[in-house]
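Below, each chain spelled out in residue letters.
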There are 2 protein chains.
Amino acid sequence: MKTLKERILKDGRVLDGNILKVDSFINHQVDYKLMDDIGDEIHRRFLDCKVDKVLTIETSGIPAAYSVARKFDVPFVFAKKKVSGNIGDDLYSTEVFSYTKSCLYNVVVSKKYLTQGENVLVVDDFLANGQAALGMIDLVEQSGANVVGVVALIEKAFQDGGNILREKGYRLEALASIEKMDVEGIKIK
Amino acid sequence: MKTLKERILKDGRVLDGNILKVDSFINHQVDYKLMDDIGDEIHRRFLDCKVDKVLTIETSGIPAAYSVARKFDVPFVFAKKKVSGNIGDDLYSTEVFSYTKSCLYNVVVSKKYLTQGENVLVVDDFLANGQAALGMIDLVEQSGANVVGVVALIEKAFQDGGNILREKGYRLEALASIEKMDVEGIKIK
């Protein structure tokens, strides 16, 4: 997606530890126009599919999930990162390891919001090692719903996640795929 | 806001401990159409104001912040609930006590995303004791920006938050104000 790639090259910053900061337009301050365009682009790429629901994981995937849910005219669901007292017991749950935070956490979705036979599009801001995406896929499949595809706004293509998902047979769409990044610059495929 | 009130009466559920569950349409599964309408309504209520930015707090305020930011044609920012390694040191920070989770946490915003003189509209899903709203107001005022007003999608009017904010002179708009709720039902003003 041209506008996203250009924006990453213009405003993205690379920090130590393979961290790409896009917090001026995606995951702290959000450019709503870019996010609207992201919804349009994801919708365009999955126009051949029936999508009944969009699933993301809190927090940074929520704007993109909202944007694409609007285009498909379906609800979106955000999986929660731990069992909160407010969610209730009737949950699908999976464990996800965060390399960024070096910790294992639970990701949960209420059983009411994933239904057998539904076609679910999985959306997240970043795809690196694929842990969060695999966790969301696990939640969808526990429910008997179908994973239509996985969307990453930004794939770190030098990490394993993309290949793992493709090898497992999931359709993956990355709107911007980072081939290489270091303090000297960012190279996008 | 009529549609929101009707939806709360139809799909909201009251749990022990003054918890109103709206997780089928606001804060776990999200009805994007309702959220679009919420953006329209907030925009309508603040049409007399100059709004340069919308501020919310992760996670559940994000869809409403996106929706109203689109209407005002401005960026939105979501404050983060703790210092993550990815945010950087240059933060405005405040402490907020969560009665729901019985814990004190830090709420932070990068200093880059709140600027002196900006007019900031504060948005959140719930207003109960006002802690989260007061935390966001503190962040805005640390930066020298102005609080245009505070919006709660749902105010629990039987708790203190609304009165505290009004007594401090902030303009508060609640789209649905819950007068009373118990296991027998919900009464909206």
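## Section: the interface of chain B and chain A
Taken together, the 27 residues of chain B in the interface contact 26 residues of chain A. Of all elements in the fold, only β2 (19-21), β3 (29-30), α2 (32-45), α3 (62-72) and β5 (76-79) of chain B reach the threshold of two or more residues within the side of chain B that touches chain A. Considered class by class, the residues forming the side of chain B that touches chain A number 13 nonpolar, 7 polar and 7 charged. Across 2 bridges, strand β3 (residues 29-30) of chain A lies against β5(B) in antiparallel orientation. Residue pairing across strands places A:Gln29 opposite B:Val77, the latter belonging to β5(B).

## Concerning the nonpolar core
Grouped together as the largest cluster of nonpolar side chains are 127 residues, with contacts concentrated most on A:Val122 and B:Val122. Not counting residues up to four positions away in its chain, the partners in contact with B:Val122 are B:Leu55, B:Ala133, B:Met136, B:Ile137, B:Val140, B:Val147, B:Val150 and B:Val151.

## Concerning the environment of B:Leu15
Looking at where B:Leu15 falls in the secondary structure, it is placed in strand β1 (residues 13-15). Distance from B:Leu15 to B:Lys189, taken between C-alpha atoms, is 20 Å for residues 174 residues apart in sequence.

## Thoughts on the pairing of strand β9 (residues 146-156) of chain A
Residues and elements named next belong to chain A. Counting buried positions along β9 gives 9 out of 11 residues, so the element sits mostly inside the fold. Pairing analysis gives 8 bridges linking strand β8 (residues 119-127) to β9, with the strands arranged parallel. From the neighbouring strand, Val120 faces β9, where its bridge partner is Val147. Crossover β8 to β9 through helix α4 (residues 131-142) is right-handed. The sheet contact formed by β9 and strand β10 (residues 172-182) spans 6 bridges and is parallel. Each residue of the ladder has a partner; that of Lys156, found in β10, is Ile178.

## Considerations on the relation of the copies chain B and chain A
In summary, the two copies of the chain are related to each other by a rotation about an axis coupled with a shift along it. When chain B is fitted to chain A, the best match, at an RMSD of 0.0 Å, comes from turning it 180° and sliding it 0.0 Å along the axis. On this basis, the relationship between the two copies can be described by a two-fold rotation axis. Relative to the rotation axis, the closest C-alpha in chain B is found at B:Thr59, a distance of 2.9 Å. When the interface residues of chain B are mapped onto chain A, 96% of them again lie at the interface, so the same face is used by both copies.

Cut-offs and rules
- Residues numbered from 1 in each chain as written.
- Chains lettered and ligands numbered in written order.
- Predicted model: local features only at pLDDT ≥ 70, side-chain atom pairs only at ≥ 80, totals over all residues.
- Contact = placed C-beta atoms within 7 Å.
- Helix = DSSP H or I, 4+ residues; strand = E, 2+ residues; numbered from the N terminus.
- Nonpolar A, V, L, I, M, F, W, Y, C, P; charged D, E, K, R; others polar.
- Pairing = 2+ DSSP bridges.
- Core = buried A, V, L, I, M, F, W, Y, C linked by C-beta atoms within 7 Å.
- Buried ≥ 20, exposed ≤ 12 C-beta atoms within 10 Å, placed from the backbone.
- Right-handed = clockwise from strand over helix to strand, strands pointing away.
- Least-squares fit on C-alpha atoms with pLDDT ≥ 70 in both.

Structural measurements only, silent on function.
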